[in-house]
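If you want the building blocks of each chain, they are given just below.
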Amino acid sequence: MHLNNLKERSINQHTTHAQQICRTALINSCMKMQVKSVADKDIKLMNESDSIIIIPTYNEKENIEKIIRAIFALDKCFHILVIDDGSPDGTAAIVKSLMASDFGDRLFIVERSGKLGLGTAYIAGFKWGIEHGYDYIFEMDADFSHAPSDLPRLYSACADEGYDLAIGSRYITGVNVVNWPIGRVLMSYFASKYVRFVTGFKVHDTTAGFKCYKRRVLETINLDDIRFKGYAFQIEMKFTTYKCGFKIKEVPVIFVNRVEGVSKMSGGIFGEAFFGVMRLRWDGWFKKYPKAVS
Ligand SMILES: Nc1nc2c(ncn2[C@@H]2O[C@H](COP(=O)(O)OP(=O)(O)OP(=O)(O)O)[C@@H](O)[C@H]2O)c(=O)[nH]1
Ligand SMILES: [Mg+2]
């Protein structure tokens, strides 16, 4: 029996909290003993996953190991794909050393030669995820603005509730943003309002970059047709998903400003989004979108 299932089942039984702790500790120690005694191929099976988390990185040496370990500490087994754009600070080397030491069966990296932008990094990751057979493909930042503990809720919206795209949304229940300067909060909040106004698209957090796609969404959308690279990429992907007729759910999350490392936000990214939204409205009227098939 799959050991994670065994662990979950035992926790679901009606026991006291103390009993649960003892039971979990016992199972964890059994898991460790068994991990030592089974062959390498069986260990790989235990770490199989239907989900890949794509994390694009550019100079994230302060965050990358911590975020990887936090995701692998979750009860559900997720796999991780880092798309690194030749970070001068050595982010890729950190990832590769973790692959060699601890996580060779569930941590992967694609290295690109220069800073090519968030949008193309995600497109490369989506194609990789489809090719490697994952059913749920996630987007997530490296800088802890997106909490790893929210990943299971995004997964559940798609895997259990039948949505095609789950968006970790800051703006369903007021404004759930911690430690952003007020100017940045206002800009992001009104950017989402602006997108709703111009496109008529009803999602609250249109620029959110914390998402879970069902594989069929990314197979339906023509990824080579996605033209934007920064915030506008996030808007374009959601708008296209909606125009193709897929079911979208916004899951409330709290977004926390990065504590370590440096932001890559720029005026160019903002400009692309401002004018790109008008372009999307135009597309919405005249472009033919592929339709979702169930
Ligand atoms: N591969 C790749 N990753 C990038 C690029 N630009 C940004 N990233 C990564 O994309 C994620 C989001 O970038 P951030 O700089 O955090 O952008 P942001 O969240 O809008 O800005 P802050 O709120 O200031 O952090 C981070 O994991 C970055 O390292 C890029 O050109 N290529
Ligand atoms: Mg960030």
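All values reported here derive from a predicted model rather than from experimental measurement. (Residues numbered from 1 in each chain as written. Chains lettered and ligands numbered in written order. Predicted model: local features only at pLDDT ≥ 70, side-chain atom pairs only at ≥ 80, totals over all residues.)

## Here's the deal with the overall build of the protein
Here is step 1 of the chain: Along the protein, the regular secondary structure elements total 11 helices and 9 strands.
Here is step 2 of the chain: Looking at the protein residue by residue over its 294 residues, the buried ones come to 36%.
Here is step 3 of the chain: Of the contacts made within the protein by residues no fewer than 6 positions apart, 81% connect residues no fewer than 24 positions apart. (Helix = DSSP H or I, 4+ residues; strand = E, 2+ residues; numbered from the N terminus. Buried ≥ 20, exposed ≤ 12 C-beta atoms within 10 Å, placed from the backbone. Contact = placed C-beta atoms within 7 Å.)

## Here's the deal with the environment of G90
Here is step 1 of the chain: Residue position: G90 is located in the loop between β2 (79–84) and α5 (91–101).
Here is step 2 of the chain: With 14 C-beta atoms counted inside 10 Å, the residue G90 sits in the partly exposed group.
Here is step 3 of the chain: A sequence separation of 30 residues divides G90 from E60, and the C-alpha atoms of the two residues are 8.5 Å apart.

## A closer look at the sheet that holds strand β3 (residues 107–111)
Here is step 1 of the chain: The sheet built from 7 strands is open, its strands ordered β3-β2-β1-β4-β7-β5-β8 with mixed pairing. Looking along the sheet, the strands with just one partner apiece sit at the ends: β3 and β8 (248–252). The mean angle between the axes of side-by-side strands here comes to 20°, regardless of whether they run parallel or antiparallel.
Here is step 2 of the chain: Sheet topology places strand β1 (residues 51–57) next to strand β4 (residues 136–139); 4 bridges connect them, and they run parallel. Its bridge partner being in β4, I54 is matched across the sheet by E139. (Pairing = 2+ DSSP bridges. Axes fitted to C-alpha atoms, helices over the stretch in contact; angles between N-to-C directions.)

By themselves, these observations are geometric and do not establish any function.
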